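Structure at a glance
Below are the chains, spelled out letter by letter.
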Amino acid sequence: MKKLPIGIQTFSELIEGNYYYVDKTALIAELIDSGKYYFLARPRRFGKSLLVSTLKSLFAGEKALFDGLFLQNHWDWSVKYPVIHISFGGGVVNSAAMLDERFRAILDETAEFYRVDLHHDDLANRFAELIKKLADQFQQRVVVLVDEYDKPILDNIEHSARAVAIREGLRNIYSVIKDRDAFIKFALLTGVSRFSKVSLFSGLNNLRDISLDGRYATLCGYTLAEIQSVFSERLSGVDFSQLAEWYNGYNFLGERVYNPFDVLLYLEQRLFKNYWFESGSPDFLIRLVRERQYAIPDLENVVVDEAMLSRFDIDDITLENLLFQTGYLTIERVEDLGGERFYHLTYPNREVKAGLNSHLLRELVQSGQATRQQMRIYKALEQADPEQLQQALTALFAAIPHDWYRQNQLARYEGYYASIVYCCLAALGLNVIAEDMTNQGRVDLTVKLAEKIFIIEFKVLEGKRESGRALAQIKARKYWQKYATGEFQVMLIGIEFDKSERNIVHFEWEAV
């Protein structure tokens, strides 16, 4: 039995070490045959570095590594190309000077490997010199592969002046690729984000972005067919519906793919856990949610136009775009209206939805009571016990420290209370639908648990406004009719908050 390639990003190590390899070389061949300059954005730990390493071995003519793969018999192995492999994935670059130092080391290491001497001190000129000398030495054009092209910027995204200086340094580097076009065979840049061409690739305007090209949607990530074929000997007892619910769902406008990092760790441990989510920190995202007072249930139903989806720069970061770029949201569907294209975004799967909302809940509540009350809330829903649900939710809000309200403005925005309830339920992995559409309007929250449906409406009371409006709205608009099929036990719940009380002041329920 082969080994699971957990954390293996080098193609040669993967093949020589008897690890499983999901053969993407047919798509790689199509990519090379179809163009010259490419850009690909994918979330972290999605196989970008392995893709770059595979291309490096291919162009270097390492034929033995491709035995049994598509390209074994579909590549001219008599030709070898010099490869410049630039990776910013290791360590943190926290200044423009450090970026220059890192890039100089990469150039010098490559020059040493190919035994060429570099004389220019200026980095752009030194890079151009390396390309020209390699092309002359090999009498072949050069392949340039850039992995994690954007990491130096993202490492400093909260320090705008530093990030801008680093961006300018990277632009100076990448402009050389276009300038040395006559000596370049193929170039690919990969990263997490899609920084605008104007800000980072000015001059490299022929760079083809395949991030949302359906033909290459499965270039990184695993399809179900690939999982069932490649890992067949490890699939005994796997619940594929659960596997899909937890780790599938990433849509790059083609066939949806599973997160490969999750799949590999699941096959090793046989436990459904938040492997990918826990491998990185979303702290910057959490702070943006807090600062911009975002209504968290709205993250289930984000709609953006094409310009917003592709617009990303240090001075123009929208929360929705950042969540999409980093893999916390994915494309649910595309809608064409009046010549404009609109993208409906949502969570890709249960892991991301539960993991992100768990982090958001801790930020919103700032109390150690959250976990305890979550357990009570889950049991109350499981037992369809509204009185226990009311007690648990009230205790959750009561546990939020007074100082937290005093030091933050967050609780003043309308969506704060509903956001806490939503995060609490979504973090439990429950099937929670925000803004659930009916023919009479939208339900604030619909919660599904086994054969039970909970339809929840929120109101925030101010002054002497009459209570009881939340449940009355559910009944007046007959929100429950959507689920009145006889197969569900349906419960209607109206929850009303008071800003001065900072808690639930009215809780009504009714079984249908």
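Before reading on, note that the structure itself is shown above.
In what follows, the accompanying structure is described. Remember, it's a predicted structure, so these values are computed and weren't measured experimentally.

Time to look at the layout of surface pockets. Looking at the largest pocket, its volume works out to about 1300 Å³. Lining of the largest pocket is provided by 49 residues; of these, R44, R45, K48, E148 and V192 occupy positions nearest its centre. Those elements giving two or more residues to the lining of the largest pocket turn out to be helix 3 (48-59), helix 6 (151-154), helix 11 (260-269) and helix 13 (283-291). The element contributing the most residues to the lining of the largest pocket is helix 3, with five residues. When the residues that make up the lining of the largest pocket are grouped by side-chain class, the tally is 26 nonpolar, 13 polar and ten charged. Looking at the second largest pocket, its volume works out to about 750 Å³. Among the elements that line the lining of the second largest pocket, the one with the most residues is strand 9 (residues 431-438), at six residues. Across the lining of the second largest pocket, the residue classes break down as twelve nonpolar, nine polar and eleven charged.

Take the packing of helix 2 (residues 25-34) against helix 3 next. Running from N to C, helix 2 and helix 3 cross one another at 70°; their axes reach a closest spacing of 12 Å. On the basis of their axis angle, the class for helix 2 and helix 3 is roughly perpendicular. Seen along the crossing, helix 2 lies across helix 3 with a hand that is right-handed. Across the interface between the two elements, T25, I28 and I32 from helix 2 touch L51, T54, L55, L58 and F59 from helix 3. A breakdown of the residues in the contact of helix 2 with helix 3 according to their chemical character gives six nonpolar, two polar and no charged.

Conventions used here
Residues numbered from 1 in each chain as written. Predicted model: local features only at pLDDT ≥ 70, side-chain atom pairs only at ≥ 80, totals over all residues. Heavy atoms only, no water. 1 Å grid on protein atoms, 1.4 Å probe; cavity = no way out; pocket = protein on both sides within 12 Å on 5 of 7 lines; lining within 4 Å. Points joined across faces, edges and corners; volume = space filled by probe spheres on them. Helix = DSSP H or I, 4+ residues; strand = E, 2+ residues; numbered from the N terminus. Nonpolar A, V, L, I, M, F, W, Y, C, P; charged D, E, K, R; others polar. Axes fitted to C-alpha atoms, helices over the stretch in contact; angles between N-to-C directions. Parallel < 35°, antiparallel > 145°, perpendicular 65-115°, else oblique. Left-handed = near helix turned anticlockwise from the far one by under 90°. Contact = heavy atoms within 4.5 Å.

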